[in-house]
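Structure assessment
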Amino acid sequence: MTEMTTSTTPMAAGEPLVRVKGLKKHFPIHGGLLRRQVATVYAVDGVDFDVQPGEIFSLVGESGCGKTTLGRSLLRLVEPTAGTVTFRGRDVTGLPAGELRALRRKMQIIFQDPFGSLNPRMPISDIIGEGLLAQGLTDRKTRDSKVEDALETVGLRREYTRRYPHEFSGGQRQRIGIARALALEPEFVVCDEPVSALDVSIQSQVLNLLLDLRRDFNLTYLFISHNLSVVQYFSDRVGVMYLGRIVELGTVAELYRNARHPYTIALLSAIPEPDPRRRKKRLVLTGDVPSPVAPPPGCRFNTRCWLREKLGNPERCVTEEPELRVLQSGHQVACHFAEDVTSAAVVAVAASQPAIAPAASEPA
Amino acid sequence: MTDSRKPQGAVASDLVRRAEEAGQDYEVGLESLSQMQLAWRKFKGHRLALLGLTILGILIGVAVLGPLLLPYNFATIPLPDKIVYEGRPPSAEHFFGETGGLQRDVFRLVVNGARTSLFIGFSSMFIGVVIGTIVGSIAGFVGGFVDNFLMRIVDVMLSLPVLFVILVASRFFGNGNVILIVVIFGLFSWMGISRLVRSQFLSIREREFVEAARAVGVTDRRIIFRHILPNAFSPIVVSSSLIVAGNIIGEAFVSFLGFGVNPTTPTWGNILSNALTFIPLGNWWWPLFPGMAIILTVLAVNFIGDGLRDAFDPRSRA
């Protein structure tokens, strides 16, 4: 048994493009007459991971687990409370405004909401060209031609530069958002749920576009999503987040075949089955995600953990917070009892739960 | 910035495929309408607003050109042809009638009064909007202590008995200077705007497009002027139109009390004030027409405000 509590990835081949160490983002809650700080939201609470050049690293988790905050604090769109983010060996967290602006060329973000992320009062040329202008490209002509190039790269017509966002569909708007990020010629792009607001028919187009662009421009993605099927299709490695921490991290193949964290297993069992004739047993988690204002002591998952229940509620789950450790299989998991997770155990627990009610009409 | 990042891997057919996919779901019209053009199109569909705009246009035309065509020179006011105390009702020659006393033509008075009244209404609104936008922007963008401080000033200003202060100030600083009245009204009409602008800043600065602009390195200055203010534009315009109406009434009121513009300069309020003693004599035409002018202006401005509100509302479609 390799019991290691190191946070470096075992597959570190060469220098990672982005290295996140001990990253925390806490939001104070002010209240009362004197606006004193009455509580803290532990949105991201100690996250470590590396992103290798050229890979697609995905973060999955439920709503409110801190994925988005994490993505934004990498770019310092929200200032991290603690920890470091290193880009190409350079610490980003302490950079002064001027250097941060230069860095923004290299690290970009694609937003979730194709409607909210484009200024309705700006023509496309300004939306996409604005970054170039901010980076010092003041010549209108060069800028416009670069904007047109970017539009063409994402599949839109060069003539659209004078249009306004409201004239486009959701998928096209998302392409505009991608063009805005790409115009700066970044190396690293945070994709914050880039397809979850789109029609299913458009989702695959945009995903394929992102894959094409990665190939064409040697991009590295941090892909944030709650859609496990998309993540499986799209990424090289996956980190599973729960209440502000990464609970399991590994390659897609490893994680989807051999998940070891009870939470990951429950998530995977919730992937919808496309074939309606096949019913599968789901591991249904009881209760809600605890509030990130007061995360439970010990393991954050202990309030909903089926494994803990099965093992007879061991003391260790509530007293000691599990760190990410590397398993024999090479992936990292933050659970004291990951070794007790076997397929037999999963089946037994799933069988003891009520089956999901079958649909009213059986398909012929 | 070299061409090294031109899509090397992307073959031409790849780009074509992407373009086909992107075009599939939606064809973007060739005719492009900006938000302003869209708003105008919707505004045109609002009948009352168009009516208001027409009335206001005529009134402004009268205010600007009227006094040139129908001069009212106090030095050349002819003496009354005979000593009569009462005014004369509307006639073919003086279709708004004549005043009592000096027997001035009410129509000329109203035309001359339009200039001062509208000038006061619009310029004081302008002052108020400029101050309000600056204060609100600073409060909303900077936040924290500055925000708190500025908003407490607003609270204090709002709790002052405005009318009393205006009366005192107009007596204290001179006798009925139009500019003075404009400044006083301007200084008392920015508070609502500043609260409005602040709230717009608070909400818009959290929108994703502002974050996107930050992410590409856009400066605060540009975020304020290109992202937040243009999106806060419509509520500002709507509430400015209401300020114009309020200040025209306010001016009329203050002048009516005799604390406003110098009584020899015709404003709608002054005309009403002068008419006061003649009302018992049955000189109804004297107060009626300037009163109508005030009502008409305020109605027109309010209709325009309503129309603008609808036109800028993204949920309403023309």
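Residues numbered from 1 in each chain as written. Chains lettered and ligands numbered in written order. Predicted model: local features only at pLDDT ≥ 70, side-chain atom pairs only at ≥ 80, totals over all residues. Heavy atoms only, no water.

To continue, consider the environment of Lys-25 of chain A. Residue and element names in this part refer to chain A. Within the secondary structure layout, Lys-25 lies in strand 1 (residues 18–31). Separated by 48 residues in the primary sequence, Lys-25 and Ser-73 place their C-alpha atoms 7.6 Å from one another. Dropping the residues within four chain positions of it, Lys-25 is found in contact with Val-41, Tyr-42, Ala-43, Val-44, Thr-69, Val-78, Glu-79, Pro-80 and Thr-81. A distance of 2.7 Å separates a polar side-chain atom of Lys-25 from the backbone oxygen of Glu-79. (Helix = DSSP H or I, 4+ residues; strand = E, 2+ residues; numbered from the N terminus. Contact = heavy atoms within 4.5 Å. Polar contact = N/O pair within 3.5 Å; in protein donor to acceptor, adjacent residues only side chain to side chain.)

A word on the confidence of the model for chain B. Residue and element names in this part refer to chain B. Scored by pLDDT, chain B comes out at a mean of 79, with 79% of its residues at no less than 70. Mean pLDDT per element in chain B: helix 1 (residues 12–24) is the minimum at 71, and helix 8 (residues 191–204) is the maximum at 92. Throughout residues 1–9 the model reports pLDDT below 50, and contacts reaching past four residues in sequence, or to other chains, amount to 14 contacts. Both scores are given for the predicted complex: the pTM is 0.79, the ipTM 0.82. (pLDDT = per-residue confidence, 0-100.)

Glancing now at the packing of aromatic side chains. All names here are of chain A. Counted by the stated rule, this structure contains 10 aromatic pairs over all chains. Arranged with centres 4.8 Å apart and planes meeting at 5 degrees, the rings of Phe-49 and Phe-57 form a pair that is stacked. Given the relative accessible area of 0%, Phe-57 is considered buried. Plain terms: the ring middles of Tyr-221 and Phe-234 are 6.2 Å apart, the flat faces sit at 15 degrees to each other, and that makes the pair stacked. Residue Tyr-221 is found in strand 8 (residues 220–225), and its partner Phe-234 is found in helix 7 (residues 228–234); the two are separated by 13 residues along the sequence. Every member of this aromatic cluster is reached through a ring pair, and the members are Tyr-221, Phe-223 and Phe-234. (Phe/Tyr/Trp six-rings, centres within 6.5 Å; stacked < 30°, edge-to-face > 60°. Buried < 20%, exposed > 50% of the residue type's maximum accessible area, 1.4 Å probe, protein only.)

All names here are of chain B. As for its placement among the helices and strands, Asn-270 is situated in helix 11 (residues 268–275). Classification of Asn-270 by relative accessible area gives buried; the value is 4%. If sequence neighbours within four positions are ignored, Asn-270 has contacts with Ser-255, Val-261, Asn-262, Pro-263 and Thr-265.

The next thing to look at is unusual backbone geometry. Residue and element names in this part refer to chain A. With phi around 55 degrees, Asn-218 is a residue other than glycine that occupies positive phi space. Looking at where Asn-218 falls in the secondary structure, it is placed in the loop between helix 6 (200–217) and strand 8. Residue Leu-243 is not a glycine yet carries a positive backbone phi of 50 degrees. Within the secondary structure, Leu-243 sits in the loop between strand 9 (237–242) and strand 10 (245–251).

All right, on to the packing of helix 4 (residues 106–142) of chain B against helix 12 (residues 285–312) of chain B then. All names here are of chain B. Viewed as axis vectors pointing N to C, helix 4 and helix 12 meet at an angle of 35 degrees, and their least axial separation amounts to 10 Å. Two packed elements cross with a definite hand, and for helix 4 against helix 12 that hand is right-handed. On the side of helix 4, the interface is formed by Val-106, Val-110 and Leu-118, while helix 12 contributes Trp-285, Trp-286, Phe-289, Pro-290, Ala-293 and Thr-297. Here the residues of the contact of helix 4 with helix 12 are counted per class, giving eight nonpolar, one polar and no charged. (Axes fitted to C-alpha atoms, helices over the stretch in contact; angles between N-to-C directions. Left-handed = near helix turned anticlockwise from the far one by under 90°. Nonpolar A, V, L, I, M, F, W, Y, C, P; charged D, E, K, R; others polar.)

Looking now at empty space enclosed by the protein. Residue and element names in this part refer to chain A. A complete count under the given rule lists four cavities of 30 Å³ or more for this structure. In this structure, the largest cavity occupies an estimated 80 Å³ of space. Taken together, His-261, Pro-262, Cys-299, Phe-301, Asn-302, Cys-305, Arg-308, Cys-317, Ala-334, Cys-335, His-336 and Phe-337 make up the lining of the largest cavity. Tallied by class, residues from the lining of the largest cavity come to eight nonpolar, three polar and one charged. (1 Å grid on protein atoms, 1.4 Å probe; cavity = no way out; pocket = protein on both sides within 12 Å on 5 of 7 lines; lining within 4 Å. Points joined across faces, edges and corners; volume = space filled by probe spheres on them.)

All names here are of chain A. All chains considered together, the criterion is met by 32 salt bridges over all chains. The salt bridge partner of Arg-76 is Glu-79, with a shortest N-O separation of 3.0 Å. Taken together, the shared-partner salt bridges in this structure form one network comprising Asp-45, Arg-245, Arg-300, Glu-321 and Glu-323. (Salt bridge = Lys/Arg side-chain N within 4 Å of Asp/Glu carboxyl O.)

At the interface, 56 residues of chain A touch 47 residues of chain B. Here chain A and chain B share an interface that buries about 4,500 Å² over both sides, 48% of which is from carbon and sulfur atoms. Of all residues in chain A, Arg-121, Glu-130 and Asp-216 of chain A bury the most surface against chain B, accounting for 15% of the area lost on that side. Where chain A packs against chain B, one counts four salt bridges. Our enumeration of links across chain A and chain B arrives at 15 residue pairs in polar contact (both at pLDDT 80 or more). Those elements that provide at least two residues to the side of chain A that touches chain B are helix 2 (97–104), strand 6 (107–110), helix 3 (124–134), helix 4 (140–153), helix 5 (170–182) and helix 6 of chain A. It is helix 6 of chain A that provides the largest number of residues to the side of chain A that touches chain B, a total of eight residues. (Buried area = accessible area lost by both parts, 1.4 Å probe.)

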